[in-house]
Amino acid sequence: MSLLHVLGFGVKIGNFFWMLCCWFVSWFVDGGIEDKSSLLAGSVGDPEKTKMTTMKKKNKMWFWNRISSSGLKIPSFSYQFPGSVKFNKTFWRNVVIGWIVFWVLVSIWTLWYFSSHAMEKRKETLASMCDERARMLQDQFNVSMNHIQAMSILISTFHHGKFPSAIDQRTFSEYTDRTSFERPLTSGVAYAVRVLHSEREEFERQQGWTIRRMDSHEQNPAHKDDYDPEALEPSPVQEEYAPVIFAQDTVSHVVSLDMLSGKEDRENVLRARSSGKGVLTAPFPLIKTNRLGVILTFAVYKRDLPSNATPKERIEATNGYLGGVFDIESLVENLLHQLASKQTILVNVYDTTNSSQPISMYGSNVSADGLERVSPLIFGDPFRNHEMRCRFKQKPPWPVLPMMISLGMLVIALLIAHIIHATANRIIKVQEDCDKMELLKKKAEAADVAKSQFLATVSHEIRTPMNGVLGMLHMLMDTELDVTQLDYVRTAQASGKALVSLINEVLDQAKIESGKLELEEVRFDLRGILDDVLSLFSAKSQQKGVELAVYISDRVPEMLIGDPGRFRQILTNLMGNSIKFTEKGHIFVTVNLVEELLESIDGETASSSESTLSGLLVADRQKSWKNFKAFSSSNGHRSFASSPPDINLIVSVEDTGVGIPLEAQSRIFTPFMQVGPSISRTHGGTGIGLSISKCLAGLMKGEIGFSSTPKVGSTFTFTAVFSNGMQPTERKSDPQNNNQPIFSEFRGMKAVVVDHRPARAQVSWYHFQRLGIRVEVVSCVEQALRYMKTGTGTVNMILIEQEIWNREADAFIKKLHKDPLVQSPKLVLLAKSVDSSIDALSTGIDPPIVIVKPLRASMLAATLQRGLGIGNRETPQHKGPPALILRNLLHGRKILIVDDNNVNLRVAAGALKKYGADVVCSESGIKAISLLKPPHEFDACFMDIQMPEMDGFEATRKIRDMEEEMNKKIKNGEALIVENGNKSSWHLPVLAMTADVIQATHEECLKCGMDGYVSKPFEAEQLYREVSRFFNSPSDTES
Amino acid sequence: MGLVKMQKSLQDYTKSLFLEGILDSQFLQLQQLQDESNPDFVSQVVTLFFQDSDRILNDLSLSLDQQVVDFKKVDPHVHQLKGSSSSIGAQRVKNACVVFRNFCEQQNIEACHRWLQQVKQEYYLVKNRLETLFKLEQQIVASGGMIVAFEPGF
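Residues numbered from 1 in each chain as written. Chains lettered and ligands numbered in written order. Predicted model: local features only at pLDDT ≥ 70, side-chain atom pairs only at ≥ 80, totals over all residues. Heavy atoms only, no water.

So, the overall build of chain B
Counting secondary structure elements, chain B contains 6 helices and 0 strands. Put simply, chain B runs from its N terminus to its C terminus through helices and strands in the order α-α-α-α-α-α. With an accessible surface of roughly 7700 Å², chain B has 50% of that area assigned to carbon and sulfur atoms. (Helix = DSSP H or I, 4+ residues; strand = E, 2+ residues; numbered from the N terminus. Areas by Shrake-Rupley, 256 points an atom, 1.4 Å probe, with all protein chains shown as cover.)

Below is the structure:
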């Protein structure tokens, strides 16, 4: 039972705490104010279970609502003070302190509440017990009193109403003894008769004893056991007497005693006869037993008196007095014995007639705790007041349960406080850490920037003295040196050159990392660039006997807009790597449009060794771009989409080199990572090239990837986005007309390529196509001859691969001799390297033209021109299209050259004049400005940078200012546009001439408004590159 | 001396100039600029170079002999000499100028003096050689030969 209670209580308390937690969390989340008093009243104040449960339900709902809405609030709360850590700290400390104080108060209150509750209950128990006892006492007393009254009537009827009396002492005592159970509270009953003094003698005689008084007893209550009624003296003379005639056996010693002689009795008797009701004495020590007792007295009247009879009438009608002795002490004890739990309480009964001096009737005067219950006792005597006072025997037990509860609450609250504290601390610590990390991050970033700047600066600073060192070494080589010394110097120079190129690369890397590298946006000829790059590597490839080839798809526009220098850098890097690691076979560069590749991607079959350029196996090209984002296909539909003006190029460099070991493939694009430490020793290089290429490709909105099979080869592929540099009108023109006009002399020619390898044939086809030569591909000599006989039109040349020539030359020549053609075509031999071509010369017929690969348009054109004897405008030494194109571009142009150095001026003028330009010279910047004040008729200006008085930068700046002014005027219509027919705005191409080809100078050139730069002394190809950007076609010149 | 022989010796002589590093490919370019319309181009330019250089070297000697050397004046001279020498392909003069200029930047008077001498030495070497070359050419032309531009085959 009690266990159940405890359990129930535990549940209650748990629920209570749950609610408190909810409340706290929600309050904490709100960060706000809640009506605390109402909460307290709701949660602790009411012990009623029903109310509790409803509260609980309500609270739960409320809590969940809060939780769901607080999900968003918590982070926002923590964001409120992201910076002010200090505020947070104090705030949280206050929260914790407040929480603890609050809960200490709550637990004290709980303790008080529960203990007071227990006290109340105790009081109630006491009251009910006390009242019960008082009522019982009262009831039994009343029963006794009624019986005594009934006895008085009995006496009046049978003693006074009958004559002679029916009752004598014996009858009376017997009767009273037998009916004593009716009067449980009385110890004895006695009857005293009223005797007047006149009747005394008669009465004494009749009874046989004298009336005695009882005063002396009261004065000497000590010797109760030696009580001797005979020793009492006879009553003195009185007006009347009330001697006892009948008495119960228990009080038989009072017979013959005059009741009026006792002080208490007398008072009692007098009161009883005048009131006609039962009257009680104050408690006094009884005669003989000397115990405390109370005497109840009824008067016995001669006749039945009316209830409203006067006291006088009553006194007169009085016949005698019936008295009942109540031995309160023993009686109360008896009574209490009948009740349960008599041990727990102490009962005292008092007569409080005299309220200031209550007379104790029962009970010991043991002092107990203050808790006391007073119950009034009504014994039917209005004159006397009695009351019962009850107290608990034991002190109240310690309130263990409330103490435990409040202690538990306190502990839980402290734990929660600890959690809050720890959480707050944690949050603050995390915040601090976060700040610290932020700081560190900033520092690290700053350090990174500093590193890049440092690299850039240092690289630049190193370059200057390096130039000195290299110059000195060069000079040293020219002095008289023995072989060993020369070797040393060469090594030193090679190292120096390597260092400079490394520095350039590091500079590039640093620039890319610091985001300073910006791409140019200029028109350039992609095919020309590839030719350049090819020529760069041609010597090496020929030396190694590796076949180098380029194929550019027809769909790639002639002119593109982008950064040719950087594009070239990527290509050079990739090809440089390829040539470094390839000892036999081929290196094949292909340029396609991404779209084109996507269209054909599904049809492309795995490459067999026969389909490659040199007949060696290559790495799977497709794998190299499988990771490209642009190519990632989602459910068959390729996500690649290009906006119309963008040209998406995909360039592959395929080689048959050693390949990249699988374990090194993952870090191939990491700066300074090489396949192995031995690589740099055997092949040189820093390993930074690929990383730069990757960055550059990224800058061109492209990607780079590779696939490599060790011992088979590698294929690197990158994409880049350019814009179309072709004018819409140009694009519409006849595709045959696409080629540079410079090769017009070959247009309309027809050639047959004899090659059994389709890939190689395609390359040949591509290059001859560029010259405007129509090409037919056949796989063997037989076929070629057959074609020439049956084919329509004349065939101007037969292009034969060296491989086939070596095999079938004799047969071919024989056949040709046997069956001469109408018009014998020129034989062109495509040789891999110079030395291998020599033996082919020993033939009977016309010596064939030998073209040493790699095929390049310029070289091809020059060789053919020489071999066919057409368009021989150039000196044989000065072959190649740059000169040819330049001539076309520059013919008739008016060009101003500014240089303070006469020799330079003369040389530059000579060079430009040679290309047909109309050259004007100027020795100073100031003079140049006066010449170039618009309107003028110059088409371009070549400007030296370092000049006394006014340098090239400043002069250019001034020229640009003047032009701008002029343009403004034209815009406003102030100036006429007559002077130079088609010029609606002025912008004279100004090219810097400098011997200093450092990047920084170049940048400065562009910054001050120059359009480009050419290095001094002039180099045809570079000149061409720069000039071609401004002068598009010779037709412009005429207009 | 037969014409063929003279041409052969001219070839050899030119080749030696390149082999010794006195001239570089720029001189070839210069030769290529010479054609029918401008038959004396090379000799004109070279003569101009000699005139200029004589003057510059003179100025340089004077500047460096001053008590307080104004390097700001010296540097442009060296720069100019470097420019013109590289224009005609006088490689060794150019290289000497590069080093000279570095010392100018460092304002190292002693080294400048030394290098001025070095530059002069180189200059006179190239002047001497080129004059010989032109003499040879003139002889060939005088005897009705053609000047075949040198084609470096080494």
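Now that the structure has been shown, the text picks up again.
Thoughts on the overall build of chain A
Looking only at helices and strands, chain A features 32 helices and 31 strands. Going through the 1039 residues of chain A one by one, you find that 46% of them count as buried. For chain A, contacts bridging at least 24 residues in sequence account for 73% of all contacts bridging at least 6. Of the accessible surface of chain A, which amounts to about 52600 Å², a share of 57% is contributed by carbon and sulfur atoms. (Buried < 20%, exposed > 50% of the residue type's maximum accessible area, 1.4 Å probe, protein only. Contact = heavy atoms within 4.5 Å.)

Details of the interface of chain B and chain A
Taken residue by residue, the interface counts 34 residues in chain B and 23 residues in chain A. Summed over both sides, the interface between chain B and chain A buries roughly 2600 Å², with carbon and sulfur atoms accounting for 55% of that surface. Three residues stand out in chain B for area buried against chain A, namely Gln-32, Leu-33 and Leu-48 of chain B, and they jointly supply 19% of the buried area on that side. Where chain B meets chain A, there are 0 salt bridges. Run the count over chain B and chain A and you get 3 residue pairs in polar contact (both at pLDDT 80 or more). Of all elements in the fold, only helix 2 (25-33), helix 3 (41-65), helix 4 (71-88), helix 5 (91-106) and helix 6 (109-142) of chain B reach the threshold of two or more residues within the side of chain B that touches chain A. (Buried area = accessible area lost by both parts, 1.4 Å probe. Salt bridge = Lys/Arg side-chain N within 4 Å of Asp/Glu carboxyl O. Polar contact = N/O pair within 3.5 Å; in protein donor to acceptor, adjacent residues only side chain to side chain.)

A short note on a nonpolar patch on the surface
A contiguous nonpolar patch, built from Trp-398, Val-400, Leu-401, Met-403 and Met-404 of chain A and spanning about 590 Å² of accessible area, is present on the exposed surface. As for its position among the elements, Trp-398 of chain A is in the loop between strand 12 (386-392) and helix 12 (400-478). (Patch = residues over 30% accessible without salt bridge, like charges linked within 9 Å, V, L, I, M, F, W, Y side chains within 5 Å.)

A short note on the packing of aromatic side chains
By the definition in use, this model includes 20 aromatic pairs over all chains. On the numbers, 5.4 Å between centres and 70 degrees between planes, the contact of Phe-524 of chain A with Phe-722 of chain A is edge-to-face. Within this pair, whereas Phe-524 of chain A is found in strand 13 (residues 522-525), its partner Phe-722 of chain A is found in strand 21 (residues 713-724), the two being separated by 198 residues in sequence. Exposure class is identical for Phe-524 of chain A and Phe-722 of chain A. Each is buried. Grouped by ring-pair contacts, the aromatic residues Phe-524, Phe-567, Phe-718 and Phe-722 of chain A constitute a single cluster. Of note, Arg-389 of chain A hangs over the ring of Tyr-350 of chain A, and the distance from its end group to the ring centre comes to 4.5 Å. The ring of Phe-50 of chain B carries the charged tip of Lys-127 of chain B above its face, separated from the ring centre by 5.7 Å. (Phe/Tyr/Trp six-rings, centres within 6.5 Å; stacked < 30°, edge-to-face > 60°. Lys NZ or Arg CZ within 6 Å of the ring centre and 35° of its normal.)

As for unusual backbone geometry
All names here are of chain A. Phi is positive for Lys-701, which is not a glycine, with a value near 60 degrees. Positive phi values are uncommon outside glycine, yet Lys-711 reaches one of about 70 degrees. With respect to the helices, strands and loops of the structure, Lys-711 is situated in the loop between strand 20 (704-709) and strand 21. Assessed through its relative accessible area of 77%, Lys-711 is described here as exposed.

Some remarks on the nonpolar core
Leu-526, Phe-567 and Leu-649 of chain A are the most contacted members of the largest nonpolar core, which totals 53 residues. When sequence neighbours within four positions are dropped, the list of residues in contact with Leu-649 of chain A reads Leu-526, Val-556, Leu-560, Val-591, Asn-592, Leu-593, Val-594, Phe-718, Thr-719, Ala-720 and Phe-722 of chain A. By size, the runner-up hydrophobic cluster in this structure holds 52 residues, among which are Met-6, Leu-48, Leu-64 and Leu-136 of chain B. (Core = buried A, V, L, I, M, F, W, Y, C linked by side-chain atoms within 4.5 Å.)

With respect to the packing of helix 27 (residues 902-914) of chain A against helix 4 of chain B
For the pair helix 27 of chain A and helix 4 of chain B, interaxial distance at closest approach is 8 Å and the crossing angle is 35 degrees. Taken as a pair, helix 27 of chain A and helix 4 of chain B cross one another with a handedness that is left-handed. Across the interface between the two elements, Val-903, Asn-904 and Val-907 of chain A from helix 27 of chain A touch Gly-83, Ser-84, Ser-87 and Ile-88 of chain B from helix 4 of chain B. Looking at side-chain class alone, the contact of helix 27 of chain A with helix 4 of chain B contains 3 nonpolar, 4 polar and no charged residues. (Axes fitted to C-alpha atoms, helices over the stretch in contact; angles between N-to-C directions. Left-handed = near helix turned anticlockwise from the far one by under 90°. Nonpolar A, V, L, I, M, F, W, Y, C, P; charged D, E, K, R; others polar.)

Regarding the confidence of the model for chain B
On average, chain B scores 82 in pLDDT, and the residues at 70 or more come to 93%. Across the assembled chains, the prediction reports ipTM 0.81 with pTM 0.42. (pLDDT = per-residue confidence, 0-100.)

A few points about the sheet that holds strand 11 (residues 372-377) of chain A
Residues and elements named next belong to chain A. Pairing within the open sheet is antiparallel, and its 4 strands lie in the order 10-9-12-11. Both outer strands of the open sheet, strand 10 (359-362) and strand 11, are each paired with one neighbouring strand and no more. The average angle at which neighbouring strand axes cross in this sheet is 30 degrees, direction not considered. Sheet strands touched by helix 11 (residues 328-337): strand 9 (345-351) and strand 10. Its angle to strand 10, the strand with the most contacts, is close to 50 degrees. (Pairing = 2+ DSSP bridges.)

A look at the UniProt feature "transmembrane region" (unreviewed entry) in chain A
Mapped onto this structure's residue numbering, the UniProt feature "transmembrane region" (unreviewed entry) falls at residues 6-29, 91-114 and 398-420 of chain A. Between the C-alpha atoms that bound residues 398-420 of chain A the distance is 34 Å, and the span itself is 91% helix and 0% strand. (UniProt positions renumbered as here; feature names shortened; annotations may be inferred.)

With respect to the pattern of salt bridges
All names here are of chain A. Taken as a whole, this structure holds 26 salt bridges over all chains when the rule is applied. Glu-445 is the partner of Lys-441 in a salt bridge, and the nearest nitrogen-oxygen pair spans 3.9 Å. Placement of both Lys-441 and Glu-445 in helix 12 is noted, with a separation of 4 residues, approximately one turn of the helix. Glu-445 sits in the partly exposed class, given a relative accessible area of 43%. Two residues, Asp-1011 and Arg-960, come together in a salt bridge whose shortest N-O distance is 2.7 Å. Of this pair, Asp-1011 sits in the loop between helix 30 (999-1007) and strand 31 (1012-1015) while Arg-960 sits in helix 29 (residues 952-972); the two residues are 51 residues apart in sequence, bridging distant segments of the chain. Residue class for Arg-960 comes out buried when judged on its relative accessible area of 12%. Within this structure, Arg-194, Glu-240 and Arg-273 form a network of salt bridges that share partners.

Describing the UniProt feature "modified residue: Phosphohistidine" (unreviewed entry) in chain B
Look at the UniProt record and you will see "modified residue: Phosphohistidine" (unreviewed entry) annotated at His-79 of chain B. For His-79 of chain B, the location among the structural elements is in helix 4. Among the residues examined, His-79 of chain B registers a relative accessible area of 16% and is labelled buried. For His-79 of chain B, the residues in contact, after removing those within four places along its chain, are Gln-946 of chain A together with Arg-101 of chain B.

Digging into the confidence of the model for chain A
Here chain A averages 74 in pLDDT, while 74% of its residues score no lower than 70. Note on residues 633-640 of chain A: pLDDT under 50 across the span, and 13 contacts to partners over four residues away in sequence or across chains.

Details of the sheet that holds strand 30 (residues 990-994) of chain A
All names here are of chain A. Strand order in the open sheet formed by 5 strands is 28-27-29-30-31, and the pairing between neighbours is parallel. Strands at the two margins of the open sheet, each flanked by one partner only, are strand 28 (918-922) and strand 31. Geometrically, the sheet is characterised by an average inter-axis angle of 25 degrees between neighbouring strands, direction not taken into account. In the sheet, strand 27 (residues 894-898) pairs with strand 29 (residues 940-944) via 4 bridges, with the strands oriented parallel. Residue pairing for strand 29: Ile-895 is matched across the bridge by Ala-940.

Some words on helix 19 (residues 689-699) of chain A
It helps to recall that an α-helix has 3.6 residues per turn; residues three or four apart then point in one direction. Residue and element names in this part refer to chain A. Every buried residue belonging to helix 19 is among Gly-689, Leu-690, Ser-691, Ile-692, Ser-693, Leu-696 and Ala-697, and all of these are buried. Looking at the buried residues of helix 19, the elements they touch are helix 13 (483-513), helix 15 (564-581), strand 20 and strand 21. Just beyond helix 19, the residue with positive phi is Lys-701, at close to 60 degrees.

Quick notes on the state of the cysteines
Taken as a whole, this structure holds 1 disulfide over all chains when the rule is applied. Residue pairing for Cys-130 of chain A: its cysteine sulfur links by disulfide to Cys-390 of chain A, the two sulfurs lying 2.0 Å apart. On the sign convention where negative means left-handed, the S-S torsion of about 80 degrees between Cys-130 of chain A and Cys-390 of chain A marks this disulfide as right-handed. Highlighted residues: Cys-130 of chain A in helix 5 (residues 85-160) and Cys-390 of chain A in strand 12, separated in sequence by 260 residues. Summary of cysteine pairing: Cys-104 of chain B is not part of a disulfide, and the nearest cysteine sulfur, belonging to Cys-112 of chain B, is at 3.9 Å. (Disulfide = S-S within 2.5 Å.)

With respect to the environment of Val-96 of chain A
Residues and elements named next belong to chain A. If you trace the backbone, Val-96 turns up in helix 5. In this structure the C-alpha to C-alpha distance between Val-96 and Ile-420, which are 324 residues apart in sequence, comes to 7.0 Å. Ignoring sequence-local partners within four residues, the contact set of Val-96 consists of Ala-417, Ile-420 and His-421.

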